[in-house]
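# Coordinates in review
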Number of protein chains: 2
Amino acid sequence: MNIGLEKYRYYTELMRENDLFSDISHDALDQLLEIASAQYWPKKTCILDPTHTLYTFYIILSGKVKGYVFDDKHDRPLTLFLLTQNDVFDVFTLINGKVHDIRYETLCDTEVLRIPMYKLKEWIQDNQDVYKALLKYTTDKMMRMENYISNLIMEDTSIRLARLLYNHVDPASNQVEILNGLTHDELGALIGTTRTMVGRHIQSFKEEGILKTERREIEITNLELLQQKISLNP
Amino acid sequence: MNIGLEKYRYYTELMRENDLFSDISHDALDQLLEIASAQYWPKKTCILDPTHTLYTFYIILSGKVKGYVFDDKHDRPLTLFLLTQNDVFDVFTLINGKVHDIRYETLCDTEVLRIPMYKLKEWIQDNQDVYKALLKYTTDKMMRMENYISNLIMEDTSIRLARLLYNHVDPASNQVEILNGLTHDELGALIGTTRTMVGRHIQSFKEEGILKTERREIEITNLELLQQKISLNP
DNA sequence: CTGGAAATGCGACCCAGGTCACATTTATTG
DNA sequence: CAATAAATGTGACCTGGGTCGCATTTCCAG
C-alpha cells in the first residue's frame, strides 16, 4: 500500500479490531494489507454491475453501504442488508465464484479496502483460518436475515419502522446514528415499504411524543414509548 | 455405529454424495460415522426446545424438515426454510455456540444421523476442511434467503404460491414431490400467508387449468401457464 | 362402519397499506 | 440568489389479503 505510515497504522489498527482477522497473525495481516489498497467512496457511489465483485473484494473501514435488489414491478429498490465498519463484501462471490445478483451503494461517505479477488484467494490459500471466521460472520448475518423475514411477515410497517429505529439508537446521544441522513425513501427500502408510509408513521410517532425530527435527523425523545411499541404490539 | 454392514454402506454412500463431506478423506468420514448414530423420525416429530441443538447436530439422510418460528400475534407458525437430503442443522449453534431461536419439525418420515455436538467439535478440530465446505453451504442458503425476502416484498401471495409450486415440480411426474402430503396450512406457512389464501389460489389455479388436486396431491397439468404466472406478473 | 376430528371450500366483511395527486418545504447549483 | 430539483406532508381512494363463520368433505381410530 502506497500510503504514509500514519495512515497505515490506522488501517492495521482497524483490521486488528475486526473479528474476521483477529485470529490472523501480524505477518499474515501485513501481507493482506500489502495486496490491498484504500479507496474513498463519496455518498451515493454505486456498484451496479453484479459481476464486479467477482474480481474485487471490499472491506469496509468506515461509512455505510447498502446491498439491495430492484423491484421492477413497484419500481423501487429493496435494501436487503446494511453493511458498516468491519463488514466485507461479497462473501458469496468469494466462496461460490458465481455472480451474486445484487447491487451496492454507499449511503454516506465511506472508506474501504479494495483487494483483487485472485490475490485474496491466493492469500486465503495460506491462511485457511479465515474460513472459520468467515463462517461465523456468515451464520451471524444469516440469523439477522431470519429475523428480518419473521419481522416482515409478523409485524406491520409501523412496528417494523419502530424496530428499525430502536435497533439503531445511540443510547448516548439518543440519535439514530446510522440512519441519520437517510431519506424516507431509503428508510422505506430498509423495511420494505414506501416513503408515504414512512412519512405517515414518523408523523404519528412525533404526535405520540416518541421522537422529533430536524434536518433529516431523528432524535428519540422517549425511548420507553418506542420500546413499548415494539414489545406490546396490541 | 451399531448397525448391519448393509445399512452402514448405505450411509457412507449417502455421506459421500453430500457436498459437505466430498473433500473429506475416507478415514475421516469413517471416524465421523463412528460417532454418529442413525435415527428414524416419523412425520410430525418436533424439536421444540431451541437449546437441544446446542448438544446435538443432525444430518438429514432422507425426508424433510422445516425450520420455523411461531408468530404469536397471528397465532400461526412461519416456516423459514425447508431442509432435505444432505442438509444439516444447526450450523448456527455449531459455529456460534449460542441458542438459535428456532424450532424444527419433520414434514414427513425422516432419517437423520445424530452426532453429539462435543464429539463433532472434536472431529472438526482434526478436519478443519469442513469449515470451507460449511461456508459454501451457508452462503448458498443465505442467497436463497435473500431471494425469499425479495419475493416476500415484491410479489403477492398468488405469485409466491405459483413460484413455490414451480420450484418443486418434478418434471418427470409433473407432481410437486416435496410438497405432496402438506396441508394448506403448511403451504401457507411456507410462503407467509394463511390457509384461506392458499385454498383460494389453488381453486383459481384449478379453474385456470394450471393444476389439479387429488388426495392432498398436486399435479401440474399446464407447466407453461404456471411459468407465465411467475414471469409475466401484470 | 361410524362418530369425531382434521382439512377444505366459500361467502361476507374489514383494514393496513398501497397509489395518485398536489401543496409545501428544504437542498443544490449555475 | 434565483431557480430548479429533491424531499416531505397530507388527503382521497382502492385493493390485496386477512378474519370470521359455517357448510362440506376427507381421514382415521375405536
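Worth saying up front: this structure is predicted, and the values here are computed from it rather than measured.

Looking now at the pattern of salt bridges. Taken as a whole and assessed by the stated rule, the structure comprises 14 salt bridges over all chains. A salt bridge links A:Asp101 to A:Arg103, with the shortest nitrogen-to-oxygen separation between them at 3.9 Å. Look at A:Arg103 and you get partly exposed, because its relative accessible area is 27%. A single network of salt bridges, built from pairs that share partners, joins A:Lys73, B:Glu155 and B:Arg163.

The next subject is the protein's contact with DNA strand C. Looking at DNA strand C, there are 16 residues lining it, with A:Asp156, A:Thr157, A:Thr193, A:Met197 and B:Arg195 nearest. Within 4 Å of the protein, atoms of DNA strand C come from sugar and phosphate in 59% of cases. Residue A:Arg200 places a side-chain N or O atom 3.0 Å away from a base oxygen belonging to DNA strand C. In the environment of DNA strand C, a phosphate oxygen lies 2.9 Å from a nitrogen or oxygen atom belonging to the backbone of B:His184. Of all the elements in the fold, those that place two or more residues in the surface near DNA strand C are α8 (195–207) of chain A together with α8 (195–207) of chain B. Looking at the surface near DNA strand C, its residues break down into one nonpolar, eight polar and seven charged.

Grouped together as the largest cluster of nonpolar side chains are 100 residues, with contacts concentrated most on A:Phe21, A:Leu120, A:Trp123, B:Phe21, B:Leu120 and B:Trp123. Setting aside residues up to four positions removed in sequence, B:Leu120 forms contacts with B:Leu32, B:Ile35, B:Phe57, B:Leu94 and B:Ile115.

Quick look at the state of the cysteines now. Residues and elements named next belong to chain A. Using the criterion set out here, one finds zero disulfides over all chains in the structure. With no disulfide of its own, cysteine 46 lies closest to cysteine 108 among cysteine sulfurs, the gap being 14 Å. Overall, the relative accessible area of 22% leaves cysteine 108 in the partly exposed class.

This brings us to the UniProt feature "domain: HTH crp-type" (unreviewed entry) in chain A. UniProt annotation of "domain: HTH crp-type" (unreviewed entry) refers to residues 155–224 of chain A when read in the numbering used here. With 49% helix and 11% strand, residues 155–224 of chain A has end C-alpha atoms that lie 19 Å from one another.

Expressed as a screw operation, the relation of chain B to chain A combines 0.1 Å of axial shift with a rotation of 180°, fitting to an RMSD of 0.1 Å. Expressed as an axis order, the relation between the two copies is that of a two-fold axis. Taking C-alpha positions as the reference, the residue of chain B nearest the rotation axis is B:Leu135, at 2.6 Å. Same-surface contact between copies: 100% of interface residues of chain B are shared with the interface of chain A.

Right, let's get into the pairing of strand β4 (residues 65–71) of chain A. Residue and element names in this part refer to chain A. Most of β4 sits inside the fold, with six of its seven residues counted as buried. Pairing of β4 with strand β5 (residues 76–83), which is carried by seven bridges, proceeds in the antiparallel orientation. The residue of β5 that forms the bridge with tyrosine 68 is threonine 79. In this structure, the hairpin formed by β4 and β5 is closed by a connection of four residues, where aspartate 75 is found at a positive phi of approximately 55°. When β4 meets strand β7 (residues 103–106), the two strands line up antiparallel, connected through four bridges. Residue pairing across strands places valine 65 opposite threonine 106, the latter belonging to β7.

The next thing to look at is the environment of B:Asp71. On the secondary structure map, B:Asp71 appears in strand β4 (residues 65–71). If we ignore the near neighbours within four places in the chain, the residues touching B:Asp71 are A:Met154, B:Arg76 and B:Pro77. A distance of 2.7 Å separates polar atoms of two side chains, one belonging to B:Asp71 and the other to B:His74.

Turning our eyes to something else, we now look at the domain arrangement of chain A. Residue and element names in this part refer to chain A. Segmenting chain A into domains produces domain 1 (5–137) and domain 2 (155–231). For domain 1 versus domain 2, the distance between C-alpha centres works out to 28 Å. At the interface, 10 residues of domain 1 touch 12 residues of domain 2. For the pair domain 1 and domain 2, the summed buried area comes to about 840 Å², and 56% of that belongs to carbon and sulfur atoms. Per-residue buried area on domain 1 facing domain 2 is highest for Lys64, Arg76 and Leu82; these three make up 45% of the total on that side. Seen at the junction of domain 1 and domain 2, the total is one salt bridge. In this structure, the salt-bridge partner of glutamate 186 is lysine 66, at a minimum N-O distance of 3.1 Å. On inspection of domain 1 and its partner domain 2, the count reaches two residue pairs in polar contact (both at pLDDT 80 or more). At five residues, the largest contribution of residues to the side of domain 1 that touches domain 2 is made by β5. For the side of domain 1 that touches domain 2, the per-class residue count stands at four nonpolar, one polar and five charged.

Leave glycine aside and you will find that most residues have negative phi; peptide bonds, for their part, are mostly trans. A cis geometry characterises the amide bond from A:Phe89 onward to A:Asp90, with omega recorded as 10°. Here A:Asp90 lies in the loop between β6 (88–89) and α3 (91–96). Residues other than glycine seldom take positive phi values, yet A:Asn174 does so here, at roughly 65°. Owing to a relative accessible area of 28%, A:Asn174 belongs among the partly exposed residues under this scheme. Phi angles above zero are rare outside glycine, and B:Lys44 is one such case at about 75°. Along the chain, B:Lys44 falls in the loop between β1 (37–41) and β2 (46–47).

The rules behind the values
Residues numbered from 1 in each chain as written. Chains lettered and ligands numbered in written order. Predicted model: local features only at pLDDT ≥ 70, side-chain atom pairs only at ≥ 80, totals over all residues. Heavy atoms only, no water. Salt bridge = Lys/Arg side-chain N within 4 Å of Asp/Glu carboxyl O. Buried < 20%, exposed > 50% of the residue type's maximum accessible area, 1.4 Å probe, protein only. Near = heavy atom within 4 Å. Polar contact = N/O pair within 3.5 Å; in protein donor to acceptor, adjacent residues only side chain to side chain. Helix = DSSP H or I, 4+ residues; strand = E, 2+ residues; numbered from the N terminus. Nonpolar A, V, L, I, M, F, W, Y, C, P; charged D, E, K, R; others polar. Core = buried A, V, L, I, M, F, W, Y, C linked by side-chain atoms within 4.5 Å. Contact = heavy atoms within 4.5 Å. Disulfide = S-S within 2.5 Å. UniProt positions renumbered as here; feature names shortened; annotations may be inferred. Least-squares fit on C-alpha atoms with pLDDT ≥ 70 in both. Pairing = 2+ DSSP bridges. Domains from an automatic or database assignment. Buried area = accessible area lost by both parts, 1.4 Å probe.

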